[in-house]
Structures are given as structure tokens and as C-alpha cells.
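Spelled out, the chains give:
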Amino acid sequence: MNPAGDTRDAPAQPCENVVHMDIFLHCSLIPAVAIMGALSFLQRRERRWAVDRLPVLSGRFGVVVPLDVIGSLRNRWSYGFAFGVVSSSVLALFAQEYLPFAVPPWARAFIYLLGALEVGVAYYPFFACLSTPFRLVGSILGILYTLTWTVLSLWDMVTCPGGAVLGRFQKLILQWPRVLCLIFLLGRFTHMLAKAVRTNLGLEREEDEELMLQTHQVKYIQRLFSLSLGRRVRSWFERNVYEWDPYFKYPNRMIGTSIICFIGLYAITVADYSLCDYTFNKLDHLVDSLSLLAASCNTTQNLLADLVPQLRQFSLVARDIWLATTIFASLTSVTYTFHVLVCYRKHLKRLWAGQKNFMPEKFHNHSSAVSVAAITRYSGWQIAYTMWGYLIIHFVQFLLGLLLAYGLVLPIQQGKGLTVLSNLGMIILTTGVVIGLLILQILLVQVFFLQDKISPTDKQKPLALNNRKAFHNFTYFFFFYNVIMGLGNCIIRLVVSMVLGTWLVSRIDRTIVQRGYESLDPGYSTWIGMIFADHYHSNPVMICFCHLLLAERREREGRAPTSNSQFSTSSECVRGVRIRQRWFLLYTLLKNPQLVPLRRPSPPSHWPSLDPPSFALGFRNGWSGGEQTAREGMMDEADA
């Protein structure tokens, strides 16, 4: 059945791997546990136990933190590339069996749990060596562990590059993002080793611990108190595509999740295209077989003679549509991944400004336990939603493409253009009549059944009826037509809901259920809980306020300023009583707005609402009757 010289479906030549990566994943648990033990031995615990009386322990074997998913902004891209290394195992996690013996179906969930635990332990050193405060030991262990993975991954790709799905270069096509991430981490650990050696030799100052108040947060506070209220002119790209905010940084959790989503989309797109090519090649072979059968069998010749051309046409059309929709579905999923990052920044900044009207009211007082648990769930759910969303969007686009091809394109190519245009014209005419009657009802009500404007400057007429008797007759006669029109609109509503639900299934930042039932959408609930937790742990105003309180406490205790206070202003500004009093005043008036009119002198009548941004702006402009020196002190505090 296969034409001579056609090697499209020729299977890849089997090769014998010297090192199997799945076996190496199991074996890597031993060095991974050893590295975790070494880093834990160096880490000292703050809380001591009875066993710490032994001189060998003395507080050692502390908890090693692989990465800070809430407040830390150090090594964000390094953590992102570490997530890129994990991506291949995450995607293939549930496709492998981790035990050499068969298990009953009820135990599969426990096998998946053990497999996830094994993958987490195997890749733990990549993250732990980046986050450990012992830079010298961490960089050396990280270089050795990463170099081992890199060499064995390259050896596996070179010695046995082929596969059963993509042919001769399957591993090269699928594994190059992972190898690139390994090479980046190897360079990062080498850079850490060089800096650690220079620090130990005294050639470079030791890197300070991560500050509680970051530089970009200081700039954000400074912009809140800035005197220049005019907005700068934005470019076309910033107005229509993306507006860059230099005072906002994404946490490593969001960066790592996005990188895994991109790598996963690349892998699933390549696999999808290969499966499509393989499936349609098999369909072409089936059509060729039916054609030969029709030529040799006279009894079924008439039936097969009608079926073979239709199958051949379907194969050609479906192949082209599947390829085109693969591109569009991939672009849609990539766009959604970027858009989720934009929505994360937008929603978080709205919460910082005290605005909660963008979310349903039932989520305004979100449970603390649910919010913290949402941080744990978000990354895994976002990756799963992105993968499933790509498949669902691709299938829906493929069906719409087939409908368009068989309903419009093919009939026109077959000389049935007039029939198609006639049917299309009837659909457009019916839709136009329905929309026209809807608009006509609104216009009639606007002209005849609403009272005139109270003031000529009003934008619209008041909601007050006029010509009531005529309006009752108007409602009666349109009642029968609206019943018929409502039947069609019900079907349209259902179709639109289904299409939007499938199209937005990967958008975890937007609910796909009806209003009032948002709590039934677990993805959206996870999104809301996550941004609430990030809001309470990364609000620059809260962090700045806590930073000032800590600086004041250290000064009262007579301790030298630490790295947490290096963003403080000059000593006289920190010690200034006026500055502290105005922070306390701001907090008191925000919590007790009824005290605002009682202050002397009385505030102007044009005060804005007491939401945090506008109140802080008014506070900066001196609503309190203001002493110029106090305002200058607050500006100095912001400049810090």
C-alpha cells in the first residue's frame, strides 16, 4: 500500500541506550538526598531541642527552603530555568509507571503521589543550591549535580535521538529547551562559585541578605507621594499592547509557571502536529486501500466509487485545517499565558489601591486558609489548565474550520456559489430583522415613552414613563413577537456560553460560570485566593510601614542599623517625631473617617473619597492644615 520511496511512516531505527533517563531519574535520588542532607547539616535551627546538647548537632540539620514562593525576588530567572528543567518530567509524570510490579486500579492515585514525590526529590537540589545562604558549598554541589544531568541528557540525545512518534530526531526536538535550561543553570552556579571565592578572598564584599523593603517598592511609594501628578505620554505599544511598569516585579512562582507553560505548549504542539501527520497518513493509506478494493470488486464498486472521493477530499481538507488550527491554538494559548501575567499585575495593583469591585462580592472576605492553600495549588493548576485549554481550543477551532470549509468554501469551489450566497443572505436577513426590531423597540421607547430631560445638560432622559396607555398597547402587541424571538435568542445564548466556556477554559483568572456561582469554579477561586495572599504579603505600603516600625524599634534598643534599614532616610528624619505622628495620623483617619471633619482647620469640601491612594495623595498635599516642614519630611521619607 505504501508507494515506492515514501518513507513518511517509516519507523525510527531502534537503538540501545547506554543510559536510560527514566532509570537515571530513580538513581538520582541517592545524590539528591545526600545534597539535601549536606545543606541541612550546614543550616542551623533557631529553635533548639534536647538532642542539640550533643556537640555534633548544636542546632544543625535545619529546614532547607528550595524557594520562597511569596516574598523573595532574588534569582527569579534562575528559578524559572530550574522550573524549565523540571518541565519534561512534569509533563510525562503520569505517563510512566514508577513501580516494577502491577498495581490495582484503586492504588493508582497513590502511585501518582509517589511518582510526584520522587520527581520532587530528584529535582530538589537545583532549587536548594540556588537558595542556600552557603554560596560556596551550594555552588559546588549545584555544579556537580547539574553537570551530571547535562552530560547524561546530551549523551542520551546523541546516542539514541530517535523515537516512535517524531522519527529520527525526536529527543532533539523535544529535549532542547530542557538542555538549554540545564546549561543556563550550569553557568549560574559557576557565577555563584566565582563570587563566593572572591568573597572569601576578600576581593569582593559579601552579598547582603535580601532586604525586607526592596528598591522597586521604595520607588512605588515615592511615586505615590510624588508631586508630579501629570501622566507621561504613552507610546502606541503601551496604549494597545502592554504598558511596562518598572516598579512592579513578578515573583519567581509566576515566572517559573509561565516558563513551564511555554515549554509544555511547545512539546504538546510538536506532539499534536506529529500525531496529526501520522493519523492523516494512515487515512490516506486507507483511502488507497479502498480504491484498490473498488477496482477489484465489482459488487461494491458503485458504493466505493462514491465513498473514496469523499474520503480523499475530507483527508485533504481536514489535514490543512488541522495544521492551520494548530498554529492558531498555539498562538492563543501563548497569548493567554502572557495575558494571565498582565491580569496578575493589574489585579494585584487594584488590591493595593483598596479596590475590590473587579471580583464578586462573596470573595471580598476570602478565607485565610483558602488563600494560603491557593498559592500551593496555583502553579500546578495553571499548567494543567494551559495544556487542556490548548487541546480543547484546538478541537473547537478544528470543528469551526470544518464547518466553514464544508458550508462555504467547498460549495463555492464546486460551482454552488449562488446557493451558498442565497442561504447566507437569508441568514443575514433574518438576523438583521431581529436586531433591527430590537433597536426599533429601544428607539420607540426613547422617543415616545420617556419623559423629557429635566435639564438640557443631562446625557439621557429620566427613567419616567410618558404616554402610558400607548406604552401598554405597545407592550401587548410586541409580547407575541418577543416570545418567538426569545426562542432563537435562548439557543444563541446557549451556543455563545458553550463557545466562550471552551475558549476561556485555560483562563484561570476569569470565571466561566454564571454570575453568582463563581465559587463553583475551583480555578477562579484559586486565582482569587492567590492574589489575596500575595496582596497581604507584598503590599509596598504595608511593607514600608513595617520597615519604619522595625527601624524605630532597633534605634530604641540601641542596635546598629541592619540591612533592613539601609533604605531609611537620614537619622534626623527617622527620629523626627513629626514623621511618626503623621504615619499614625494617616492610619487613624483611614480606620476612623468620621474623625476627619473634626480636625482643625476643617478640610475643604472637595475632598476625594478616603480610599488609600487618594487619601495618601491628599495627605501629601497637606489637607491637615499643613506645615511645610512636615510635608518636606514625608517627601524625604519617600525619596529614601
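Bear in mind that the values here come from a model prediction, so they are computed numbers and not experimental data.

Parameters at a glance
- Residues numbered from 1 in each chain as written.
- Predicted model: local features only at pLDDT ≥ 70, side-chain atom pairs only at ≥ 80, totals over all residues.
- Heavy atoms only, no water.
- Helix = DSSP H or I, 4+ residues; strand = E, 2+ residues; numbered from the N terminus.
- Buried < 20%, exposed > 50% of the residue type's maximum accessible area, 1.4 Å probe, protein only.
- Contact = heavy atoms within 4.5 Å.
- Areas by Shrake-Rupley, 256 points an atom, 1.4 Å probe, with all protein chains shown as cover.
- Expected span 1.5 Å × (residues − 1).
- Core = buried A, V, L, I, M, F, W, Y, C linked by side-chain atoms within 4.5 Å.
- Patch = residues over 30% accessible without salt bridge, like charges linked within 9 Å, V, L, I, M, F, W, Y side chains within 5 Å.
- Salt bridge = Lys/Arg side-chain N within 4 Å of Asp/Glu carboxyl O.
- Axes fitted to C-alpha atoms, helices over the stretch in contact; angles between N-to-C directions.
- Parallel < 35°, antiparallel > 145°, perpendicular 65-115°, else oblique.
- Left-handed = near helix turned anticlockwise from the far one by under 90°.
- Nonpolar A, V, L, I, M, F, W, Y, C, P; charged D, E, K, R; others polar.
- Phe/Tyr/Trp six-rings, centres within 6.5 Å; stacked < 30°, edge-to-face > 60°.
- Polar contact = N/O pair within 3.5 Å; in protein donor to acceptor, adjacent residues only side chain to side chain.

**Q** How should the overall build of the protein chain be read in this particular structure?
**A** The helix and strand inventory of the protein chain stands at 20 helices and zero strands. In the protein chain, which comprises 640 residues, the share counted as buried stands at 38%. Within the protein chain, counting contacts between residues at least 6 apart in sequence, those at least 24 apart form 73% of the total. Working note: accessible area of the protein chain is about 38200 Å², and carbon and sulfur atoms make up 66% of it.

**Q** How do you make sense of helix α13 (residues 417–448) when you look at a structure like this?
**A** Within an α-helix, residues lying three or four positions from one another point in the same direction, as the helix has 3.6 residues per turn. Compared with the 46 Å implied by 1.5 Å per residue over 32 residues, the 45 Å span of α13 between its first and last C-alpha is a close match. For α13, the elements touching its buried residues are α12 (368–413) and α14 (468–503).

**Q** Which parts of the structure should I look at to understand the nonpolar core?
**A** Within soluble globular proteins, side chains that are nonpolar tend to cluster in buried spots. In this structure, F126 and W527 are the most contacted members of the largest nonpolar core, which totals 82 residues. Ranked by residue count, the leading element in this core is helix α11 (residues 301–352), at nine residues. The residues touching W527, leaving out its near neighbours within four places in the chain, are V340, C343, Y344, H347, Y378, I508 and D509. Listed in part, the eleven residues of the second largest apolar core include F280, V317, W322 and L410.

**Q** How should a nonpolar patch on the surface be read in this particular structure?
**A** A cluster of nonpolar side chains, namely F134, L136, V137, I140, L144, V197, L201 and L203, defines an oily patch on the protein surface of about 670 Å² accessible area. No other element matches the four residues that helix α6 (residues 135–159) contributes to the nonpolar patch. With respect to the helices and strands, the residue L144 is situated in helix α6. With a relative accessible area of 51%, L144 lands in the exposed category.

**Q** Which parts of the structure should I look at to understand the pattern of salt bridges?
**A** Between side chains of opposite charge, pairing is possible as soon as their charged atoms come close. For the structure shown, the criterion picks out six salt bridges. The partner of R507 in a salt bridge is D509, and the shortest N-O contact between them spans 2.9 Å. Exposure remark for R507: the relative accessible area of 7% places this residue in the buried category. A single network of salt bridges, built from pairs that share partners, joins D277, D284 and R319.

**Q** Could you clarify how one ought to interpret the environment of Q43 in this entry?
**A** Turning to its location among the elements, Q43 is positioned in the loop between α2 (29–42) and α3 (76–91). Linking Q43 and V63, residues 20 residues apart in sequence, is a C-alpha distance of 7.1 Å.

**Q** Help me understand unusual backbone geometry in this model?
**A** A negative phi angle characterises most non-glycine residues, just as the trans form characterises most peptide bonds. The backbone phi angle of N467 is positive, close to 55°, even though this residue is not glycine. By the secondary structure assignment, N467 is in the loop between α13 and α14.

**Q** What is the right way to read the packing of helix α7 (residues 170–200) against helix α10 (residues 252–296) from this model?
**A** The packing of two helices is summarised by the inter-axis angle and the distance between the axes. Where α7 meets α10, the closest approach of the two axes is 9 Å, and the angle between their N-to-C directions is 165°. Classified by the interaxial angle, the pair formed by α7 and α10 is roughly antiparallel. Handedness of the α7/α10 crossing: right-handed. Contact residues: I173, L174, W176, P177 and C181 in α7; I263, Y266, A267 and V270 in α10. Taken together, the residues that form the contact of α7 with α10 break down as nine nonpolar, no polar and no charged.

**Q** Which parts of the structure should I look at to understand the environment of I383?
**A** Inspection of the secondary structure puts I383 in helix α12. Counting along the chain gives 124 residues from I383 to I259, while the straight-line C-alpha distance between them is 9.7 Å. Those residues in contact with I383, other than ones at most four positions away along the chain, are T257, I260 and C261.

**Q** Hey, could you run me through the side chain of S315 in this one?
**A** Of note, S315 is situated in helix α11. In contact with S315, other than residues within four places in its own chain, are F280, L283 and D284.

**Q** Would you explain the packing of aromatic side chains in this entry?
**A** Aromatic ring pairs are reported here in terms of the distance separating the ring centres and the angle at which the planes meet. Inspection of the entire model under this criterion finds 30 aromatic pairs. An angle of 75° between the planes, with centres 5.7 Å apart, marks the rings of W176 and Y266 as edge-to-face. Of this pair, W176 sits in helix α7 while Y266 sits in helix α10; the two residues are 90 residues apart in sequence, bridging distant segments of the chain. Look at Y266 and you get partly exposed, because its relative accessible area is 28%. Plain terms: the ring middles of Y344 and W527 are 6.3 Å apart, the flat faces sit at 75° to each other, and that makes the pair edge-to-face. Of this pair, Y344 sits in helix α11 while W527 is found in helix α15 (residues 522–538), placing the two residues 183 residues apart along the sequence. Here Y344 and W527 have matching classes, each one buried.

**Q** Explain the packing of helix α5 (residues 124–131) against α6 to me, please; I cannot follow it from the model alone.
**A** As a packed pair, α5 and α6 sit with axes 8 Å apart at the nearest point and diverge in direction by 155°. Accordingly, the angle class assigned to the pair α5 and α6 is roughly antiparallel. Classified by chirality, the crossing of α6 by α5 is left-handed. Mapping the contact onto sequence places P125, F126, C129 and L130 in α5 and R135, G138, L141, G142, Y145, T146 and W149 in α6. Its residues assigned to classes, the contact of α5 with α6 shows seven nonpolar, three polar and one charged.

**Q** I keep staring at the side chain of Q441 and nothing clicks. Help me out?
**A** Position of Q441 relative to the elements: it lies in helix α13. Taking relative accessible area as the criterion, Q441 reaches 15% and is therefore assigned buried. Among residues more than four places away in sequence, those in contact with Q441 are F474, F478, N482 and M485.

**Q** So what exactly am I meant to see when it comes to helix α16 (residues 540–556) here?
**A** Compared with the 24 Å implied by 1.5 Å per residue over 17 residues, the 24 Å span of α16 between its first and last C-alpha is a close match. Taken together, the buried positions of α16 are occupied by P540, I543, C544, H547, L548, A551, E552 and R554. Two or three places before V541, at the start of α16, stands the capping residue N539, its side-chain oxygen 3.1 Å from that residue's backbone nitrogen.

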